[in-house]
Amino acid sequence: DALPILDVDAFAPRLSFFFNAHNNFLEEIAKYRAARRLYARIMRERFGARLDRSCMLRFHTQTAGSTLTAQQPEVNVARVALQAMAAVLGGTQSLHTNGQDEALSLPSEQSARVALRTQQVIGYESGVTAVPDPLGGSEYIEGLTDEIEAGARQYIERIDGMGGTLAAIERGYVQGEIQRSAYEQQKAIEEGRQIVVGVNKFQTEETEPLKPFRIDPELERRQVARLREVRASRSAQDHCVALGRLEAAACGTENLMPHILECCRAMATVGEISDSLRKIFGEYREAF
């Protein structure tokens, strides 16, 4: 049976997205502006949205852990501040700032505090929150926004020509583009065409290396003990029945979420739920 068609305005206002913020300050601002504009046009022109709220791109931004360096990690505070400011100027609704030591380990309490204070300085001291889109109208920003949007449209047209995103992934196109971009960036760094402070220029001898944050092994032992207790105390029958129903639903076209929630109520673990789904769906393997 054909699935019912849900009106786009019934759910689009609740959609939200996740972006990464990198170091090219002006380009990042233009990236978010282009995304917002492109999303509004797609929702109206392609999907026929009528509500303004359906066309508003709501997104969270996280500063880019991949840009943080193990060398001179204190410099990462400046990188995170630039990235966070670009996200705010580009219109993000929420923000996560990385700790300076995340190239080495999980952030320490001090690093997490500095990351939080970075957001608070932007929010309460910088004044940039007083007006939406404060760089709108800048000749350079507007031109860069147009350029990024045009490039994104070319990608969409190319992927549409392949039969859609799923077909493009199965052909390895999406993964290939990500890998190509990563390779070109790393090559530019190694050849010195892209400067990374402290890595390929302005290096110094690390006299006092940052001490990475370490998890207390006792926490792991306590968590393992809790898991064993849960498995020993749960109803084996309820647990097996819930997982069985999930597997049966996964063989058809049912909404799996109610069955997943039933598994949770039966105290099935995330690993057990995932294993049940793997039995039916298998695991994705790249095409190349």
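Our subject is the structure listed above.
Here's what I pulled together on the structure shown here. This structure is a prediction, so every number in the text was calculated from the model and none was measured.

1. Observations regarding the pattern of salt bridges
Taken as a whole and judged by the stated rule, the model has 22 salt bridges. D7 serves as the salt-bridge partner of R50, at 3.4 Å between the closest nitrogen and oxygen. Highlighted residues: R50 in the loop between α2 (25–45) and β2 (59–63) and D7 in the segment before α1 (8–11), separated in sequence by 43 residues. A relative accessible area of 56% places R50 in the exposed class. Overall, the relative accessible area of 35% leaves D7 in the partly exposed class.

2. Description of the nonpolar core
Judged by nonpolar contacts, the single largest core of 21 residues is most densely connected at F19, Y32, M43 and L57. Counting 11 residues, the second-largest nonpolar core is a separate cluster that includes L246, A250, L256 and L277.

3. Describing the environment of L106
For L106, the location among the structural elements is in the loop between β3 (94–96) and α4 (109–124). Setting aside residues no more than four positions away along its own chain, L106 makes contact with D101, F213 and I215.

4. A short note on unusual backbone geometry
For Q72, which is not glycine, the phi dihedral falls at a positive 45°. In this model, M267 sits at a positive phi of 70°, which is unusual for a non-glycine residue. Residue position: M267 is located in the loop between α10 (257–265) and α11 (270–281). Among the residues examined, M267 registers a relative accessible area of 41% and is labelled partly exposed.

5. What to know about the pairing of β2
Taking every second residue as pointing to the same face, the buried face of β2 carries F59, T61 and T63, while none of H60 and Q62 on the other face is buried. Summarising the sheet, strand β1 (residues 17–21) and β2 pair through 5 bridges and their orientation is parallel. Looking across to β2, one finds that F17 is bridged to F59. Note on the crossover from β1 through α2 to β2: the handedness is right-handed. Across 3 bridges, the pairing between β2 and β3 is parallel. Each residue of the ladder has a partner; that of H60, found in β3, is S94. For the crossover from β2 across helix α3 (residues 76–90) to β3, the handedness is right-handed.

6. Points about the environment of H239
For H239, the position within the fold is in helix α9 (residues 236–250). Taking the C-alpha atoms as reference points, H239 and A266, 27 residues apart in sequence, are found 5.1 Å from one another. Beyond its immediate chain neighbours, meaning those up to four positions away, H239 contacts R234, A266, A268 and E272. Side-chain polar atoms of H239 contact the side chain of R234, separated by 3.4 Å.

7. Topic: the side chain of N76
Looking at where N76 falls in the secondary structure, it is placed in helix α3. For N76, a relative accessible area of 0% gives the class buried. At a separation of 2.8 Å, a polar atom in the side chain of N76 contacts the side chain of R79. Ignoring anything within four residues of it in the chain, the contact list for N76 reads L68, T69 and Q100.

8. Section: the state of the cysteines
Tallied over the entire structure, the rule returns 0 disulfides. C263 takes part in no disulfide bond, and the closest cysteine sulfur, belonging to C264, lies 6.9 Å away. Taking relative accessible area as the criterion, C263 reaches 0% and is therefore assigned buried.

Basis of the calculations
Residues numbered from 1 in each chain as written. Predicted model: local features only at pLDDT ≥ 70, side-chain atom pairs only at ≥ 80, totals over all residues. Heavy atoms only, no water. Salt bridge = Lys/Arg side-chain N within 4 Å of Asp/Glu carboxyl O. Helix = DSSP H or I, 4+ residues; strand = E, 2+ residues; numbered from the N terminus. Buried < 20%, exposed > 50% of the residue type's maximum accessible area, 1.4 Å probe, protein only. Core = buried A, V, L, I, M, F, W, Y, C linked by side-chain atoms within 4.5 Å. Contact = heavy atoms within 4.5 Å. Pairing = 2+ DSSP bridges. Right-handed = clockwise from strand over helix to strand, strands pointing away. Polar contact = N/O pair within 3.5 Å; in protein donor to acceptor, adjacent residues only side chain to side chain. Disulfide = S-S within 2.5 Å.

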